[in-house]
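Okay, here's what each chain looks like letter by letter:
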Amino acid sequence: MQELTPEERAIYEWQIWSPEFGESGQERLKNASVLVTRCGGLGSVVAYELAAAGIGKLVIAHRGQIEPSDLNRQLLMTHDGLGSSRVESARRRLLDLNPRLEIEAVPENVGEENVAQLVGQADLIVDCAPLFEERFLLNREAVAQEKPMIECAMYDLEAHITTIIPGKSPCLCCLYPERPQAWKRQFPVFGAVSGMVACMGAMEAIKVIAGFGKLLTGKLWIGDLREMAFRTINIRRNPSCQVCGTRPG
Amino acid sequence: MKVRVLYTTQLKHALDRASEEVDLPGPLTVGQLLRHLSELHGEPFDKLVLARQGELCYSILICVGSESIGRDISTKLQDGDELTLLSPVSGG
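All values derive from a computational prediction rather than experimental measurement.

Turning to the overall build of chain B, a few remarks are in order. Per the secondary structure count, chain B includes 3 helices and 7 strands. In chain B, the order of α-helices and β-strands from amino to carboxyl end is β-α-β-β-α-α-β-β-β-β. The C-alpha atoms of chain B give a radius of gyration of 12 Å, which matches the 12 Å a tight globule of 92 residues would have. Overall size of chain B, expressed as C-alpha extent along the three principal axes, is 40 × 25 × 25 Å. Looking at the 92 residues of chain B, the share that counts as buried comes to 54%. Contacts spanning at least 24 positions in sequence make up 53% of the contacts within chain B whose residues lie at least 6 apart. Positive and negative side-chain charges of chain B, numbering 9 and 13 respectively, have mean locations separated by a distance of 4 Å.

Below, the structure written as structure tokens:
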């Protein structure tokens, strides 16, 4: 395991003070890799917070060029970059913050053809995809490769998050075995809502990697910023789940 | 018996309400309550909660209080229970 440099000790001093985290937690972050897909309203903030916290390597996957409608929430994209590559903008912004960070920037969304390779490059996945097809692929591959996955999602002023530890906690397909029939690609979104749950997702990732604190395993946190109502629901594994049902608990 | 029903995300938007109180004769199961809600709200409810054959859609998460009940719509409800229908979200 790579040790911290004097520069890193100085940069991360204030979080190293956190009980149960300490210098060993910081070293674990430095030696860890996280896949974030995509880098939109959720993924931009997840990636930025993990870069700020001193994660060693980020794999970011997002296809396409920056569009005007990205700019209300995708904080790694800039107005000057309209029309240019999203993932390259994300790489540049992340390296501005943390030039020590190793970044694998993939100009593709998750698909059947690349999901195994993308998941294989990371110790942990933070699922920030806008399409259920991508989420189900990531879930299947994370379970197959026994990688923890943080599942962040939002709609309007509501947000959901759970932490999936394959074989121990419900996977995405335990909760939702099928793509919702009436689901639409379009969703109302404020950046402050996606950013809020993204920060929670980044913190769950940090806790999993550093091995401290209580996780949202077997729990679904739901928050409604319109009503300012927050609660946690106990969720269970589905013994007949097509993805994780045969795995020992 | 009175049961409070909470709606989330797309379901909340489709029904234009975050919650409602239902007063029905007991004993009452989750399945019976869902059938009542289907009759009450019609298509906006059905298209998000029910599958094509009128059975429960597999992409709805149902909770009684703070516990998910999985697929078990035979779960019995008690007076004062709170039922949450969570339609899945993926946005960001």
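With that settled, consider helix α3 (residues 22–30) of chain A. Within α3(A), the full set of buried residues consists of Gly22(A), Gly25(A), Gln26(A), Glu27(A), Leu29(A) and Lys30(A). For α3(A), the elements touching its buried residues are α1 (6–11), α2 (13–16), α4 (41–53) and α9 (191–210) of chain A.

Once that is clear, we can look at the interface of chain A and chain B. Tallying the contact residues gives 37 residues for chain A and 28 residues for chain B. Taking both sides of the interface into account, the surface hidden between chain A and chain B amounts to around 2700 Å²; carbon and sulfur atoms contribute 56%. At the boundary of chain A and chain B, one finds 2 salt bridges. Linking Glu158(A) and Lys12(B) is a salt bridge whose minimum nitrogen-to-oxygen distance equals 3.3 Å. On inspection of chain A and its partner chain B, the count reaches 15 residue pairs in polar contact (both at pLDDT 80 or more).

Residue and element names in this part refer to chain A. This structure, assessed with the given rule, holds 14 salt bridges over all chains. Here Asp 127 and Arg 135 are joined by a salt bridge, their closest N and O atoms 3.5 Å apart. Take Asp 127 and Arg 135: they sit in the same class, and that class is buried.

This part covers the state of the cysteines. Across all of its chains, the model carries 0 disulfides over all chains by this definition. Cys171(A) supplies the cysteine sulfur nearest to Cys173(A), a cysteine that is in no disulfide, at a spacing of 5.1 Å. What makes Cys173(A) buried here is its relative accessible area of 11%. Not engaged in a disulfide, the cysteine Cys63(B) finds its nearest cysteine sulfur in Cys174(A); these two sulfurs lie 14 Å apart. Relative accessible area serves as the criterion here: at 0%, Cys63(B) is assigned to the buried category.

Taken as a whole, chain B shows an average pLDDT of 91; of its residues, 97% reach a score of 70 or greater. As a predicted assembly, this complex carries a pTM of 0.95 together with an ipTM value of 0.91.

Locating Tyr58(B) in the fold gives a position in the loop between α3 (43–49) and β4 (61–64). For Tyr58(B), a relative accessible area of 40% translates into the label partly exposed. Through-space distance from the C-alpha of Tyr58(B) to that of Val5(B) is 19 Å; in sequence the pair is 53 residues apart. Residues in contact with Tyr58(B), not counting those within four places in the same chain, are Leu175(A), Tyr176(A), Pro177(A), Glu178(A) and Arg71(B).

All names here are of chain A. The buried count for strand β6 (residues 158–164) comes to 7 of 7 residues, which makes it a mostly enclosed element. In this structure, strand β5 (residues 149–155) lies alongside β6, joined through 7 bridges in antiparallel fashion. Bridging across to β6, Met 154 finds its partner in Ala 159. Two successive antiparallel strands, β5 and β6, enclose a turn made up of 2 residues, where Asp 156 displays a positive phi of approximately 55 degrees. Strand direction decides the pairing type here: β6 and strand β7 (residues 219–224), joined by 4 bridges, are antiparallel. The partner of His 160 across the bridge, within β7, is Ile 222.

This part covers unusual backbone geometry. The omega torsion across Thr37(A) and Arg38(A) is -5 degrees, close enough to zero to call that bond cis. In this chain, Gly26(B) is followed by Pro27(B) through a cis amide linkage whose omega measures -5 degrees. Considering the arrangement of structural elements, one finds Pro27(B) in the loop between β2 (19–23) and β3 (28–29).

Residues and elements named next belong to chain A. Two elements in contact, α4 and helix α5 (residues 86–97), have axes separated by 9 Å at closest approach and are oriented at 25 degrees. If you check the angle between α4 and α5, you find them roughly parallel. Judged by the sense of rotation from one axis to the other, the crossing of α4 with α5 is right-handed. Residues Ala 47, Tyr 48, Ala 51 and Ala 52 of α4 touch α5, and the partners they reach there are Arg 93, Leu 94 and Leu 97. Classifying every residue of the contact of α4 with α5 by side-chain character gives 6 nonpolar, no polar and 1 charged.

Scoring rules and cut-offs
- Residues numbered from 1 in each chain as written.
- Chains lettered and ligands numbered in written order.
- Predicted model: local features only at pLDDT ≥ 70, side-chain atom pairs only at ≥ 80, totals over all residues.
- Heavy atoms only, no water.
- Helix = DSSP H or I, 4+ residues; strand = E, 2+ residues; numbered from the N terminus.
- Rg over C-alpha atoms; globule rule 2.2 N^0.38 Å.
- Buried < 20%, exposed > 50% of the residue type's maximum accessible area, 1.4 Å probe, protein only.
- Contact = heavy atoms within 4.5 Å.
- Lys, Arg positive; Asp, Glu negative; His and termini not counted.
- Charge placed at Lys NZ, Arg CZ, Asp CG, Glu CD.
- Buried area = accessible area lost by both parts, 1.4 Å probe.
- Salt bridge = Lys/Arg side-chain N within 4 Å of Asp/Glu carboxyl O.
- Polar contact = N/O pair within 3.5 Å; in protein donor to acceptor, adjacent residues only side chain to side chain.
- Disulfide = S-S within 2.5 Å.
- pLDDT = per-residue confidence, 0-100.
- Pairing = 2+ DSSP bridges.
- Axes fitted to C-alpha atoms, helices over the stretch in contact; angles between N-to-C directions.
- Parallel < 35°, antiparallel > 145°, perpendicular 65-115°, else oblique.
- Left-handed = near helix turned anticlockwise from the far one by under 90°.
- Nonpolar A, V, L, I, M, F, W, Y, C, P; charged D, E, K, R; others polar.

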